[in-house]
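Coordinate analysis (summary)
Take a look at the letters that make up each chain.
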Amino acid sequence: MLSDITNLGYSVGMDLSGLLPRYVNIRRGCYVGLILGMALCPWELLASAKTFVSVISSFSIFMAPLCGIHISDYWIVRQRRLKLSDLYHSRPDGIYYYTSGINWRSIIPWLVGWVPLLPGFIHSINPTIMMPVGVDRLYALGFPYGLLASMAVHTVINMVFPPPGIGDIDKDDIFGTFTPSEAAKLGVSPLERGDDSDGNSAQSSGNGAEKV
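Attention here is on the structure that accompanies the text. On a predicted model such as this, the values are computed, not experimentally measured, just so you know.

Attention now moves to the overall build of the protein chain. The secondary structure content of the protein chain amounts to eight helices and two strands. Each helix (α) and strand (β) of the protein chain, taken in turn from the N terminus, gives the series α-α-α-α-α-α-α-α-β-β. Counting all 212 residues of the protein chain, 32% fall into the buried class. The long-range share in the protein chain, meaning contacts at least 24 apart out of those at least 6 apart in sequence, stands at 65%. Per element, the accessible surface of the protein chain, about 13,600 Å² overall, is 66% carbon and sulfur.

Following this line, the structure appears as structure tokens:
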């Protein structure tokens, strides 16, 4: 268990250093993750098999809405058309910057996907807390409910309030994502390759392309 906390500290450190690079580096972020992980007493999850299974199964409450949002956004809202070059920067001129870097259209579906399941989750952890029988039945269907509810709400919100850049793709395939035939079918300029003076492969400049 302690080794798991230590290993997870690296991901916490990288995330915190990305969010607060002025104040936190990866090492400091690892210490923060280690302290928080120990404070949560994760060994209590192994106190009984029932508690362990309940906690593990609860992950689907929060992950299912995320899956539904991603499916809706990629397959329905954007029709598999992404502007790849804007995926790898956080500048305000990118189409995925949204409002101050936050996409409120995804927050609402995520909350709709897991908040109604919270009472059932609480009852599964502590059965002494009395809840209506419908709460347990809804919690038993947590994954399909979270997936479908978040997918539906996300699709409707984006139809009423379309995000910027729907349908936009890059004009040039600087990442070498597609073969020449695929690039021609998508209407993007294929990556030009050549040998520079050192014999290395040189790539043309421009903006990345897509339908992934």
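What follows is about the pattern of salt bridges. Two side chains bearing opposite charge may form a pair once their charged atoms approach each other closely. Enumeration according to the criterion identifies three salt bridges in this entry. Between Arg78 and Asp73 there is a salt bridge; the shortest N-O distance is 3.2 Å. Accessibility classification places Arg78 together with Asp73 in one group, the buried group. The closest approach of N and O atoms between Asp86 and Lys83, which form a salt bridge, is 3.9 Å.

Time to look at the packing of helix H4 (residues 104-114) against helix H7 (residues 142-160). In contact at an axis separation of 8 Å, H4 and H7 are set at 150 degrees when each is read in the N-to-C sense. It follows from the interaxial angle that H4 and H7 lie roughly antiparallel. Helix-helix and strand crossings are classified by hand; for H4 and H7 the assignment is right-handed. Residues Trp104, Arg105, Ser106, Ile108, Pro109, Val112 and Gly113 of H4 lie in contact with H7, whose contacting residues are Tyr145, Gly146, Ala149, Ser150, Val153, His154, Ile157 and Asn158. Residue composition of the contact of H4 with H7, by class: eight nonpolar, six polar and one charged.

Let's shift gears to the environment of Tyr96. Residue position: Tyr96 is located in the loop between helix H3 (49-77) and H4. On the accessibility criterion, Tyr96 (18% relative accessible area) is buried. Sequence separation of Tyr96 and Pro164 is 68 residues, and the distance between their C-alpha atoms is 7.8 Å. Engagement of the side chain of Tyr96 in a polar contact is seen with the backbone nitrogen of Lys83, the distance being 3.0 Å.

Moving on: the side chain of Asp173. Position of Asp173 relative to the elements: it lies in the loop between H7 and helix H8 (180-186). Classification of Asp173 by relative accessible area gives buried; the value is 1%. Polar side-chain contacts of Asp173 include one of 3.3 Å to the backbone nitrogen of Gly176.

Let us now look at the packing of aromatic side chains. Applying the stated criterion across every chain, the model contains five aromatic pairs. Ring geometry for Phe62 and Trp114: centres 5.3 Å apart, planes at 55 degrees, overall tilted. With Phe62 in helix H3 and Trp114 in helix H4, this residue pair connects regions lying 52 residues apart in the sequence. Take Phe62: its relative accessible area is 29%, and that puts it in the partly exposed class. Ring plane angle 70 degrees and centroid distance 5.5 Å describe the contact between Trp104 and Phe161, whose orientation is recorded as edge-to-face. Placement of the pair is Trp104 in helix H4 and Phe161 in the loop between H7 and H8, with a sequence separation of 57 residues. Taking the relative accessible area as the measure of exposure, Phe161 reaches 44% and is therefore partly exposed. The structure contains a cluster of three or more aromatic residues connected by ring pairs, namely Phe62, Trp110 and Trp114.

This brings us to the side chain of Ser150. Along the chain, the position of Ser150 falls in helix H7. Taking the relative accessible area as the measure of exposure, Ser150 reaches 0% and is therefore buried. Of the polar contacts made by the side chain of Ser150, one reaches the backbone oxygen of Gly146; its length is 2.6 Å. Setting aside its immediate chain neighbours within four residues, Ser150 contacts Ala64, Pro65, Gly68, Ile69, Pro109 and Tyr145.

Right, let's talk about the environment of Gly187 for a bit. Note that Gly187 resides in the loop between H8 and strand E1 (193-195). Along the chain, Gly187 and Asp170 lie 17 residues apart, while their C-alpha atoms are 9.5 Å from each other.

Conventions used here
- Residues numbered from 1 in each chain as written.
- Predicted model: local features only at pLDDT ≥ 70, side-chain atom pairs only at ≥ 80, totals over all residues.
- Heavy atoms only, no water.
- Helix = DSSP H or I, 4+ residues; strand = E, 2+ residues; numbered from the N terminus.
- Buried < 20%, exposed > 50% of the residue type's maximum accessible area, 1.4 Å probe, protein only.
- Contact = heavy atoms within 4.5 Å.
- Areas by Shrake-Rupley, 256 points an atom, 1.4 Å probe, with all protein chains shown as cover.
- Salt bridge = Lys/Arg side-chain N within 4 Å of Asp/Glu carboxyl O.
- Axes fitted to C-alpha atoms, helices over the stretch in contact; angles between N-to-C directions.
- Parallel < 35°, antiparallel > 145°, perpendicular 65-115°, else oblique.
- Left-handed = near helix turned anticlockwise from the far one by under 90°.
- Nonpolar A, V, L, I, M, F, W, Y, C, P; charged D, E, K, R; others polar.
- Polar contact = N/O pair within 3.5 Å; in protein donor to acceptor, adjacent residues only side chain to side chain.
- Phe/Tyr/Trp six-rings, centres within 6.5 Å; stacked < 30°, edge-to-face > 60°.

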